[in-house]
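Given next are the chains, with one letter for each unit.
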Amino acid sequence: MPTGRVAVSVAAVGLGVLQLGGIASAAPTAGGGGIDGTSCTDARIKACVDLSENRAWLLDGRGDVVHGPVVNSHGSEGHETPTGDFVIQRKERHHVSQEYEGAPMPYAVFFDNSGRAFHGGSTERQSAGCVRLGMEDAKQFFEHLNPNDRVQIVE
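Residues numbered from 1 in each chain as written. Predicted model: local features only at pLDDT ≥ 70, side-chain atom pairs only at ≥ 80, totals over all residues. Heavy atoms only, no water.

(A) The sheet that holds strand β11 (residues 150–154), seen in detail. Ordered by their spatial adjacency, 9 strands build an open sheet running β6-β11-β3-β4-β5-β10-β9-β8-β7, and the pairing between neighbours is mixed. Looking at which strands have only one partner, the edges of the open sheet turn out to be β6 (84–87) and β7 (90–96). The sheet shows a mean angle of 25° between the axes of neighbouring strands, direction not considered. For strand β8 (residues 104–110) and strand β9 (residues 117–120), the ladder comprises 2 bridges, and the chain directions are antiparallel. The residue bridging F110 from the neighbouring strand is A117, located in β9. Taken strand by strand, helix α2 (residues 135–144) contacts β3 (47–50), β4 (55–59), β5 (65–73), β7, β8, β9 and β10 (131–133), and its axis lies near 35° from that of β8. (Pairing = 2+ DSSP bridges. Helix = DSSP H or I, 4+ residues; strand = E, 2+ residues; numbered from the N terminus. Axes fitted to C-alpha atoms, helices over the stretch in contact; angles between N-to-C directions. Contact = heavy atoms within 4.5 Å.)

Here is the structure:
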């Protein structure tokens, strides 16, 4: 087997491969190994979420962690939190869910077109697709993230 193929095979054992917009990129398996000890691979991101480990980090957009890891909860079966690369769309300090009976979503930072957001709440139970953080961590995410910031969510 040529040397180049061995290197590729070895790399494939330690990394999953994600297909992102037609471009394959390496994604670390659970347990870290990504940017500055996170589970994410893009140094330009401002937030990283690892759904399998229920951990999240804030980054500076240059590859350095500025907060975390912190505990999070995410979507339940049938309401899964999507994985991939997202762009922050908007923020709302005192958001109330219209889809889920007026459920409070303090420090909401929306990252997709389906109303999913980082927000404060109990991390002891799963959400309807959002990334739920403890209140102090949600406040940190709210203060750190802004529209057009990039985030990455991995499983």
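Structure's up, so let's keep going.
(B) Summary view of the pairing of β4. Most of β4 is tucked away: 4 of the 5 residues are buried. The turn joining β3 and β4, which pair antiparallel and follow one another in sequence, is formed by 4 residues; a positive phi near 50° is taken by N54. Taken together, the 4 bridges between β4 and β5 define a ladder with antiparallel strand orientation. For R55, the partnering residue across the bridge sits in β5 and is V71. (Buried < 20%, exposed > 50% of the residue type's maximum accessible area, 1.4 Å probe, protein only.)

(C) Expanded view of the packing of aromatic side chains. Inspection of every chain in the model, using the stated rule, returns 4 aromatic pairs. With a centroid separation of 5.2 Å and 50° between ring planes, the pair formed by F111 and F118 is classed as tilted. When the centroid spacing of 5.3 Å and the interplanar angle of 50° are considered together, the rings of F118 and F141 count as tilted. With F118 in strand β9 and F141 in helix α2, this residue pair connects regions lying 23 residues apart in the sequence. Taking the relative accessible area as the measure of exposure, F141 reaches 0% and is therefore buried. Taken together, the ring pairs connect F86, F111, F118 and F141 into an aromatic cluster. Over the ring of F110 we find R90; its NZ or CZ atom is 3.8 Å from the centre of that ring. (Phe/Tyr/Trp six-rings, centres within 6.5 Å; stacked < 30°, edge-to-face > 60°. Lys NZ or Arg CZ within 6 Å of the ring centre and 35° of its normal.)

Such coordinate-based values are descriptive only and should not be taken to indicate function.
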